[in-house]
Amino acid sequence: MPAISLEGSTRHLDGNLPAHVGLLVGNITHVAVVVPARNEAERIGPAVRAICRAATELRSVRPDVDIGVVVVLDACDDGTGEAAVDAAAPAGCLSVLDVRLHSAGASRAAGIRAALAATTAAPEQVWLANTDADSMVPPHWLCGQVELAESGADAVLGTVEPDPGELDGSLLRAWARKHRFAEDHPHVFGANFGVRASHYLRVGGFEPVRIHEDRILAERLRRAGSAVVATDTLRVVTSSRLQGRAPHGFAGYLRGLGDALATPPDAVLGTG
């Protein structure tokens, strides 16, 4: 897998880092960004450009860290791969992996296997940064994850917020009421999930399931005693579409919120 080599100006980490991370456990020497995609030709470009900006920021402060990006094309037939390569072209290069797994969990796992096979770095020095093809990471995303990892985190669970430009105001407010943007938040999102490769491998990695692969992995890490940090300092903006690629995924959740808003209170109570 070719590594992205980028240059850019320094930007410090936005927000305060959680106070509960532990002591330095060893430098990260390789970062692998893994992005599963299923017919995302219209959205993959902004997602890849955002990742490249984050890679630029990391390289500007940590030129010793190699960065690789893998876009996993799961049964794509709409030009997603070409759009991803085009988006990365001005800044560097990325790898695309063609699979026909029809599973977010299996696609993430396949991308991570490819990323680990392409580096000679020891697993404890490799950081796996996961996001989605319809999401845009902030510029300090990779800098923040590496800083947390080198402060003792074995996994980082970031927050996401729906793209406000795509979502009805009442639905956006309903989302906000159910999601706490704070440190030690309770949420798990595959679109914003980092983990040290040694801990990922120790617990068996992502399950080959269509949904909730992120929650399953987070629970396994916690049960295994990994240091899991839940932070709002690295918030990712994700698509607000109501028809998504995974059944019962993020789009389905938003759709359910919308249905609840549209249901008259007396219908919910069973009165008339």
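Since this is a predicted model, take the numbers as computed values, not measurements. (Residues numbered from 1 in each chain as written. Predicted model: local features only at pLDDT ≥ 70, side-chain atom pairs only at ≥ 80, totals over all residues. Heavy atoms only, no water.)

Enquirer: Got a sec to walk through the overall build of the chain? Specific residues and values, please.
Expert: Tallying secondary structure elements over the chain gives nine helices and nine strands in all. Residues classed as buried in the chain amount to 50% of the 272 residues present. At a minimum sequence separation of 6, the contacts of the chain that also span at least 24 residues come to 83%. A total accessible area of about 11900 Å² is found for the chain, and carbon and sulfur atoms account for 52% of it. (Helix = DSSP H or I, 4+ residues; strand = E, 2+ residues; numbered from the N terminus. Buried < 20%, exposed > 50% of the residue type's maximum accessible area, 1.4 Å probe, protein only. Contact = heavy atoms within 4.5 Å. Areas by Shrake-Rupley, 256 points an atom, 1.4 Å probe, with all protein chains shown as cover.)

Enquirer: Describe in detail the pattern of salt bridges, supporting the description with residues and values.
Expert: In this structure the tally under the stated criterion is nine salt bridges. Of the charged contacts in the structure, one is a salt bridge between Asp64 and Arg62, with a shortest N-O distance of 3.0 Å. For Asp64, a relative accessible area of 45% corresponds to the partly exposed category. Residue classification places Arg62 among the buried residues on the basis of a relative accessible area of 16%. (Salt bridge = Lys/Arg side-chain N within 4 Å of Asp/Glu carboxyl O.)

Enquirer: Quick one: what's the story with the packing of helix H1 (residues 44–61) against helix H4 (residues 141–149), residue by residue and with numbers?
Expert: One way to put it is that H1 packs onto H4 with a least axis distance of 6 Å and a crossing angle of 50°. The pairing of H1 with H4 is recorded here as oblique in orientation. When H1 is examined against H4, the residues Ala54, Ala55, Glu57, Leu58 and Val61 are found in contact with a partner set consisting of Trp141, Leu142, Cys143 and Val146. Classifying every residue of the contact of H1 with H4 gives eight nonpolar, no polar and one charged. (Axes fitted to C-alpha atoms, helices over the stretch in contact; angles between N-to-C directions. Parallel < 35°, antiparallel > 145°, perpendicular 65-115°, else oblique. Nonpolar A, V, L, I, M, F, W, Y, C, P; charged D, E, K, R; others polar.)

Enquirer: Could you give an account of the packing of aromatic side chains, naming the residues involved and the relevant values?
Expert: One pass over the full model with this rule turns up two aromatic pairs. On the basis of an interplanar angle of 70° and a centroid distance of 6.0 Å, the ring pair of Phe193 and Phe206 is categorised as edge-to-face. Of the two residues, Phe193 is situated in strand S8 (residues 193–196) and Phe206 in the loop between helix H6 (197–202) and helix H7 (213–223); the sequence distance between them amounts to 13 residues. Linked through ring pairs, Phe193, Tyr200 and Phe206 together constitute an aromatic cluster. Here the basic side chain of Arg108 rests over the ring of Phe206, its NZ or CZ set 5.9 Å away from the ring centre. Lying across the ring of Phe181, Arg235 places its NZ or CZ 3.8 Å from the centre. (Phe/Tyr/Trp six-rings, centres within 6.5 Å; stacked < 30°, edge-to-face > 60°. Lys NZ or Arg CZ within 6 Å of the ring centre and 35° of its normal.)

Enquirer: Can you tell me about the environment of Asn130, naming the residues and giving the values?
Expert: Structurally, Asn130 is set in strand S5 (residues 126–130). Owing to a relative accessible area of 0%, Asn130 belongs among the buried residues under this scheme. For the pair Asn130 and Ala191, spaced 61 residues apart in sequence, the C-alpha separation works out to 6.1 Å. When neighbours within four sequence positions are excluded, Asn130 is seen to be in contact with Val34, Arg108, Ile112, Trp141, Gly190, Ala191, Asn192, Phe193, Val195 and Phe206.

Enquirer: Break down helix H3 (residues 104–117) for me, with residues and values.
Expert: For H3, which comprises 14 residues, the first-to-last C-alpha distance of 20 Å matches the rise-based estimate of 20 Å (1.5 Å per residue) to within 8%. Inspection of H3 places Gly105, Ala106, Ser107, Arg108, Ala109, Ala110, Gly111, Ile112 and Ala115 among the buried residues, and these make up the whole buried set. (Expected span 1.5 Å × (residues − 1).)

Enquirer: Lay out the nonpolar core with the relevant residues and their values.
Expert: Formed by 41 residues in total, the largest nonpolar core has its most connected members in Val31, Val33, Val48, Leu58, Val71, Trp141 and Leu142. Elements with a minimum of two residues in this core: strand S2 (30–37), H1, strand S3 (66–74), helix H2 (80–88), S5, H4, strand S7 (155–162) and strand S9 (228–238). With eight residues, H1 is the largest single contributor of residues to this core. For Leu58, the contacting residues outside a window of four places in its chain are Val31, Pro63, Val65, Ile67, Leu142, Cys143 and Val146. Counting 25 residues, the second-largest nonpolar core is a separate cluster that includes Val70, Ala110, Ala115 and Leu128. (Core = buried A, V, L, I, M, F, W, Y, C linked by side-chain atoms within 4.5 Å.)

Enquirer: Summarise the pairing of S7; cite the residues concerned and give the values.
Expert: Judged by how many residues are buried, S7 sits mostly within the fold: seven of eight residues are covered. Bridge count for S7 against S8 is three bridges, and the pairing is antiparallel. Residue Leu157 lies in a different strand from S8, and its bridge partner there is Phe193. Two elements, S7 and S9, share seven bridges in a ladder whose sense is parallel. Within S9, the residue paired with Val160 across the bridge is Val236. (Pairing = 2+ DSSP bridges.)

Enquirer: Let's hear about a negative patch on the surface: which residues, and what values?
Expert: Taken together, the side chains of Glu42, Asp77, Asp78, Glu82 and Asp86 make up a negatively charged region of the molecular surface. Its place among the elements puts Glu42 in the loop between S2 and H1. (Patch = residues over 30% accessible without salt bridge, like charges linked within 9 Å, V, L, I, M, F, W, Y side chains within 5 Å. Lys, Arg positive; Asp, Glu negative; His and termini not counted. Charge placed at Lys NZ, Arg CZ, Asp CG, Glu CD.)

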